[in-house]
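Okay, here's what each chain looks like letter by letter:
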Amino acid sequence: MGATMDVDIGGTFTDCLVTLDDGRTAAVKTPTTKHRLALGFMKTVQQAASEFGLTVEELLRRTDIVRYSTTVAMNTLIQRNGPRLALITTAGHEDVLRIARAASWADSTTPQDLRNVAQIDKPVPLVDRSLVVGVRERIDCFGRVVQPLDEEHFLARLRELVDQGVRGFVVSLLYGYLNPVHERRIRELIETEYPEAYLGAVPIMLASEVLPKRWEYTRTNTTLLNAYLHQAMWEELAGMNDDLRARGYERGIMMVHNTGGMAEVYRTAAVETFNGGPVAGLIGGAAIGRRLGHKNVIVADMGGTSFDLGVIVDGSTRTYEFRPVIDQFWVDMTILQTRSIGAGGGSIAWVNTAVGNRLEVGPRGAGSLPGPAAYGLGGREPTVTDADLVLGLIDPDKYFGGNLRLQPRLAEEAIRTHIADPLGISVVEAARRIRRIVDGNMANVIARETLLRGYDPKDFVLMAFGGAGPTHCTGFGGHLGISRIYVLPTSPVFCAWGSSTMPVVHIYELSRRLELLSPGDQRPLTDHAAFNEAVDTLIAQARRDLRGEGYDPDEASFSLELDMKFGGQFHVHRASSPVLHLTGEADVRAVYERFAAEYAEVFSPFNVFPQGGVEIHNFVLRAQTAPPEWELPVHPLDGPDPSAAQTGTRTVHWADGDAETPVYSQELLKPGNRFRGPGIVEAPYTTVVVEPGFSLEVDEHLNYVITADGKEQA
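Residues numbered from 1 in each chain as written. Predicted model: local features only at pLDDT ≥ 70, side-chain atom pairs only at ≥ 80, totals over all residues. Heavy atoms only, no water.

Below, the discussion takes up the overall build of the protein. Counting its regular elements, the protein contains 17 helices and 32 strands. Expected size for 714 residues packed as a compact globule is a radius of gyration near 27 Å; at 27 Å, the protein falls within 12% of this value. Taken along its principal axes, the extent of the C-alpha atoms in the protein is 80 × 60 × 60 Å. Sorting the 714 residues of the protein into buried and exposed places 57% on the buried side. Taking the average location of the 68 positive side-chain charges in the protein and that of its 90 negative ones, the two points are 3 Å from each other. (Helix = DSSP H or I, 4+ residues; strand = E, 2+ residues; numbered from the N terminus. Rg over C-alpha atoms; globule rule 2.2 N^0.38 Å. Buried < 20%, exposed > 50% of the residue type's maximum accessible area, 1.4 Å probe, protein only. Lys, Arg positive; Asp, Glu negative; His and termini not counted. Charge placed at Lys NZ, Arg CZ, Asp CG, Glu CD.)

As a further point, take the sheet that holds strand β5 (residues 86-90). The parallel open sheet is built from four strands, whose spatial order is β6-β5-β9-β10. A single partner strand is all that each edge strand has here, and the edge strands are β6 (132-135) and β10 (204-206). Recorded for the sheet is a direction-independent mean angle of 20° between the axes of neighbouring strands. Bridge count between strand β9 (residues 169-171) and β10: three bridges; the pairing is parallel. Bridge assignment links V170 to a residue of β10, and that residue is M205. Sitting on the sheet, helix α6 (residues 151-163) is in contact with β5, β6 and β9, with an inclination near 175° to β6. Against the sheet, helix α7 (residues 181-193) engages β5, β6, β9 and β10, with an angle of about 175° to β10. (Pairing = 2+ DSSP bridges. Axes fitted to C-alpha atoms, helices over the stretch in contact; angles between N-to-C directions. Contact = heavy atoms within 4.5 Å.)

Time to look at the packing of helix α13 (residues 427-451) against helix α14 (residues 469-480). At a minimum axis distance of 8 Å, the contact between α13 and α14 shows a crossing angle of 55°. When the axis of α13 is compared with that of α14, the two are oblique. For the element pair α13 and α14, the recorded crossing hand is right-handed. Packed against α13, whose contacting residues are R435, R436, V438, D439, G440, M442, A443, I446 and A447, the element α14 presents T471, H472, G475, F476, H479 and L480 at the interface. For the contact of α13 with α14, the class distribution of residues is seven nonpolar, five polar and three charged. (Parallel < 35°, antiparallel > 145°, perpendicular 65-115°, else oblique. Left-handed = near helix turned anticlockwise from the far one by under 90°. Nonpolar A, V, L, I, M, F, W, Y, C, P; charged D, E, K, R; others polar.)

We now examine helix α17 (residues 585-603). The end-to-end C-alpha separation of α17 is 26 Å, in line with the 27 Å expected for 19 residues at 1.5 Å each. Residues of α17 that are buried sit in contact with β22 (505-517), α16 (528-548), β23 (557-566), β24 (573-576) and β25 (614-624). Just downstream of α17 lies S604, where phi reads positive at about 85°. (Expected span 1.5 Å × (residues − 1).)

The subject of this paragraph is the pattern of salt bridges. A side chain with one charge may pair with a side chain of the opposite charge, provided their charged atoms come close. Scanning the entire structure with this criterion turns up 39 salt bridges. With its nearest N and O atoms 2.9 Å apart, the salt bridge here joins D21 to R62. Linking D21 in the loop between β2 (13-19) and β3 (25-31) with R62 in the loop between α2 (56-61) and β4 (63-69), this pair joins segments that are 41 residues apart in sequence. The exposure class assigned to R62 is partly exposed, which follows from its relative accessible area of 28%. (Salt bridge = Lys/Arg side-chain N within 4 Å of Asp/Glu carboxyl O.)

Attention now moves to the packing of helix α12 (residues 408-423) against α13. Viewed as axis vectors pointing N to C, α12 and α13 meet at an angle of 80°, and their least axial separation amounts to 9 Å. Taken together, α12 and α13 sit at an angle that is classed as roughly perpendicular. Contacts between α12 and α13 involve E412, I415, R416, I419 and A420 from the first element and V427, A430, A431 and I434 from the second. Across the contact of α12 with α13, the residue classes tally to seven nonpolar, no polar and two charged.

Bringing the nonpolar core into the picture now. Judged by nonpolar contacts, the single largest core of 147 residues is most densely connected at M5, F41, L59, F169 and F307. For M5, the contacting residues outside a window of four places in its chain are C16, L17, V18, F41, V45, L59, L60, T63, I65, V66 and R67. In this structure, L517, L546, L582 and V591 belong to the second largest nonpolar core, which totals 32 residues. (Core = buried A, V, L, I, M, F, W, Y, C linked by side-chain atoms within 4.5 Å.)

Turning our attention to the sheet that holds strand β20 (residues 461-465). With mixed pairing, eight strands are arranged side by side in an open sheet as β17-β14-β13-β20-β21-β32-β31-β28. Only two strands of the sheet have a single neighbouring strand rather than two, namely β17 (339-341) and β28 (674-676). Looking at each pair of strands side by side, their axes are set apart by 20° on average, direction ignored. Bridge count for β28 against strand β31 (residues 694-698) is three bridges, and the pairing is antiparallel. By the bridge assignment, R676 is partnered in β31 with S695. Its contacts with the sheet place α13 against β13 (297-302), β14 (307-312) and β17, and it is angled at close to 30° to β14. Each of β13, β14, β20, β21 (484-487), β31 and β32 (704-708) touches α14; the most contacted strand, β20, lies at about 150° to it.

Taking burial as the measure, the seven residues of β2 include six buried ones, the bulk of the element. A loop of three residues connects strand β1 (residues 3-9) with β2, the two strands running antiparallel in sequence. In this structure, the hairpin formed by β2 and β3 is closed by a connection of five residues, where G23 is found at a positive phi of approximately 95°.

In this model, α6 (13 residues) spans 19 Å end to end at C-alpha, consistent with the 18 Å of a helix rising 1.5 Å per residue. Three or more residues of α6 are buried, namely H153, F154, L155, L158 and L161. Taken together, the buried residues of α6 touch β5, β6, β9 and α7. Between the side-chain oxygen of the N-cap and the backbone nitrogen of E152 there are 3.4 Å, and the N-cap of α6 in question is D150. The positive-phi residue at the C-terminal boundary of α6 is G165, with phi of around 85°. (Polar contact = N/O pair within 3.5 Å; in protein donor to acceptor, adjacent residues only side chain to side chain.)

With that settled, consider empty space enclosed by the protein. In the structure shown here, the tally under the stated rule is two cavities of 30 Å³ or more. Roughly 90 Å³ of internal volume is contained in the largest cavity. Along its surface, the largest cavity is lined by 13 residues, and L97, P125, Y217, N221 and F329 are the ones closest to its centre. Where the lining of the largest cavity is concerned, the elements lending two or more residues are α4 (96-99) and α9 (216-246). The element that contributes the greatest number of residues to the lining of the largest cavity is α9, accounting for four residues. When the residues that make up the lining of the largest cavity are grouped by side-chain class, the tally is nine nonpolar, two polar and two charged. Space inside the second largest cavity adds up to approximately 60 Å³. Of the residues in the lining of the second largest cavity, the class split is seven nonpolar, three polar and two charged. (1 Å grid on protein atoms, 1.4 Å probe; cavity = no way out; pocket = protein on both sides within 12 Å on 5 of 7 lines; lining within 4 Å. Points joined across faces, edges and corners; volume = space filled by probe spheres on them.)

Before going further, it helps to examine unusual backbone geometry. Glycine aside, the phi torsion of most residues is negative, and most peptide linkages are trans. Here the bond from G362 into P363 is cis, since omega is 0°, no more than 30 degrees from zero. Relative to the elements of secondary structure, P363 occurs in strand β19 (residues 358-365). Between G677 and P678 the backbone carries a cis peptide bond, its omega angle lying at 10°. Here P678 shows up in the loop between β28 and β29 (679-683). In this structure, N357 takes a positive phi of about 55° despite not being glycine. Relative to the assigned elements, N357 resides in the loop between β18 (347-352) and β19. Assessed through its relative accessible area of 40%, N357 is described here as partly exposed. Unlike most non-glycine residues, Q522 shows phi in positive territory, near 55°.

Next comes the structure, spelled out in structure tokens:
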């Protein structure tokens, strides 16, 4: 296999990890160019090529695959600069987005926001009410046509929409997922009136193709978001693809999905790319954990803009968002569960005068431009990076591999003006408080994600990623009492590296309601054909897409998950199915036993209630190619003495006082070296901070293993 290129574009930095066919690697970070993400991406490619002594063209000709995760979708939603869309729905259901559900105002709110319910509003739909059209048609809950489509009425409304400047159509009809005949006919009518040869041609998204599942509100939301993000994603990726091909790359781009896999860009829905970077980090963390012998892992990525968190339990990442929300909108998609808060190196510290001069950090961030005050690029507000610099944790001359010189005077001035003077404290004390608060914020979100699932964070190992993660890991890890923390050689670009461990995966979903067990007498399902037909429909789609990407469908693996619930209950639970098809009563019983076991693990055995019957509501098929093969490199151990790697000392303002602190070089530390904190390790794109009360050891894989003093190592 040739070279591989893994890219993760974040809100502040663009990360790139290139691995040549001879095993050499180059990890590169550049500031994200938000006006055109491809510029920052190509700059990372250029820097990686120079590290190998190659031209960009030589590197790209040797590259077999580019894996890519991006924030384009997130940025488009934040800025609300997507296209002007029209929604076509069944007459009488024009207000589906505005009615939403009773508590849609709470879909994207934080616990803090919920304390002030009076000031919370429902999400503002992405489609103006004047651009919602109800068409005269009706399909019933069994998929039967009750009222044929009134084509003349629709065509009259279509012309009105086009005259209002609509640049995309979303078609989501009642029960269209059971029988899409009217949705498809509407698309034919639009294409007939405005064919591709005309300037009036616009994209058309059918809910029956984007998400053929029940629940009108979430199905419409998901399709609408896909249409809203589609154009921005297409323009960015088409431009990036053109840049790559112009420089010699001749293969496709693989997009990381929030489902835990990836697929070729041309077979990726825009909505599937949302949150791809954190998911890549989650998958990579699970892969590393398995090779290091850890089944329970917390992966924590602190970058410049956000803090992203994932939890791996018993070696599995198969924990899905219970109520997935994109931006402010509840969607019905398979999304691996991660959490993000505004806590990064660029998070801005501010004094909240509305609640009595309380110091807060984030969620607002400085981004890469202007960035923290210490960047000297025009930023005037203090950030976490400014506080770390004032405390002596960061060397201003070695930040970002020495490519970005920090200015301590500007950091001190920003903290003094905005924090220290208003609170009547010193600049150093203000910096200490900023660090303590952001560490506490990150510890709190980890605690919520573990404790609310019934787990103790002390039973997990922590893997700290991102440019700022290793700088703060002993801070938020110490808050939680975690005794073992890993900082990996690839930590600064770990989400990019994580995508290199991911197989090609497609997820296909379909709503069909079947009674697996009948209520009362618990008779097993006898209509096996209906079950198998739903599975075969999904498998046919999967085989078509895999073949289109150049993979042999016969070499792919297929697995099935089912959304099921006990009769009388409201919410469904997703469980893995031990079989793809039903051939008899034994298979039905096996499906039930697996569901009951997984349900009991989540909700306790006391809530298992087969007497109410068991209902299947959704089929979810996962089609997967073989994952890439790789192993951790192993190096011979040296002695424990790290003195040869020490480059000097500097005064650091720790929480409990100032101390002259040893500084070590990542390039000089050897496997087997260890030291007790306080200590600092400087790497090209991060700084590893070992606070007092912790020790660091370099293992045979060049990982930094940080343990709490006096705690037994896990």
